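Results of the structural survey
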Amino acid sequence: MLERLACHAYYCFLDGYSGYNQISIEPEDQEKTTFTCPFGTFSYRRMSLGLCNATATLRCCMMSIFFDMVERFIEVFMDDFSVVMSSFDSCLSDLALVLQHCEETNLVLNWEKCYFMVREGIVPAQYYY
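Note that the structure is a prediction, hence the values are computed from the model and not measured.

The number of helices and strands found in the chain is 3 helices and 6 strands. Counting from the amino terminus, helix and strand elements in the chain follow one another as α-β-β-β-α-β-β-α-β. In the chain, once contacts between residues fewer than 6 apart in sequence are set aside, the share between residues at least 24 apart is 65%. For the chain, the computed accessible surface area is about 8,300 Å², with 56% contributed by carbon and sulfur atoms.

Turning to the environment of Tyr44, a few remarks are in order. Along the chain, the position of Tyr44 falls in the loop between β3 (40-42) and α2 (54-65). Judged by relative accessible area, Tyr44 falls into the partly exposed class, the value being 31%. Expressed as a C-alpha distance, the spacing of Tyr44 and Asp29, which sit 15 residues apart in the sequence, is 9.4 Å. Residue contacts for Tyr44: discarding those within four places in its chain leaves Ile25, Gln30, Thr33, Phe35 and Leu51.

Next up on the list: the sheet that holds strand β4 (residues 74-77). In spatial order, the strands read β4-β5-β1-β6; together these 4 strands make up an open sheet with antiparallel pairing. Pairing within the sheet leaves two strands with one partner each, and these edge strands are β4 and β6 (115-118). The average angle at which neighbouring strand axes cross in this sheet is 15°, direction not considered. Two elements, strand β1 (residues 10-15) and strand β5 (residues 80-85), share 6 bridges in a ladder whose sense is antiparallel. Considered in β5, the bridge of Leu14 is made with Phe81. Helix α3 (residues 88-104) contacts β1, β4, β5 and β6 of the sheet and is inclined by roughly 150° relative to β5.

In the predicted model, the chain carries a mean pLDDT of 81, and 88% of its residues have values of at least 70. For the chain, per-element mean pLDDT is lowest for helix α1 (residues 2-5), which scores 63, and highest for β3, which scores 91.

The next subject is unusual backbone geometry. The backbone phi angle of Glu71 is positive, close to 70°, even though this residue is not glycine. Examined against the element boundaries, Glu71 turns out to sit in the loop between α2 and β4. Under the relative-accessibility criterion, Glu71 is labelled exposed at 59%. For Met117, which is not a glycine, the phi torsion comes out positive at approximately 50°. Residue classification places Met117 among the buried positions, given a relative accessible area of 18%.

Cut-offs applied
Residues numbered from 1 in each chain as written. Predicted model: local features only at pLDDT ≥ 70, side-chain atom pairs only at ≥ 80, totals over all residues. Heavy atoms only, no water. Helix = DSSP H or I, 4+ residues; strand = E, 2+ residues; numbered from the N terminus. Contact = heavy atoms within 4.5 Å. Areas by Shrake-Rupley, 256 points an atom, 1.4 Å probe, with all protein chains shown as cover. Buried < 20%, exposed > 50% of the residue type's maximum accessible area, 1.4 Å probe, protein only. Pairing = 2+ DSSP bridges. Axes fitted to C-alpha atoms, helices over the stretch in contact; angles between N-to-C directions. pLDDT = per-residue confidence, 0-100.

Right under this line is the structure:
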């Protein structure tokens, strides 16, 4: 992924807020997530990291949200993604499209971990994997 990000003038790094927890589990499937503890029996209503196929489900969701942008000007890693372009104007317009997709699909971003129009500096750690 770092090789695909290289050689661009502008970068925007965006972080999805608790990516797994933004995915609802269908009511008829919630019983499959039932667990028991000393306080009773509970089921998940939203995806949790410990659930089987949670990673694959999150990946499919992110790819379906950004299907028309991936590998053109956006790279997705789990719930983190980056917008890259060679010019300020094109990066700004592509960022607007990404944010519009986030708004349309109710994908919440963690603004404290987002970086906009970065020209140089430290790449967030998740891009090293």
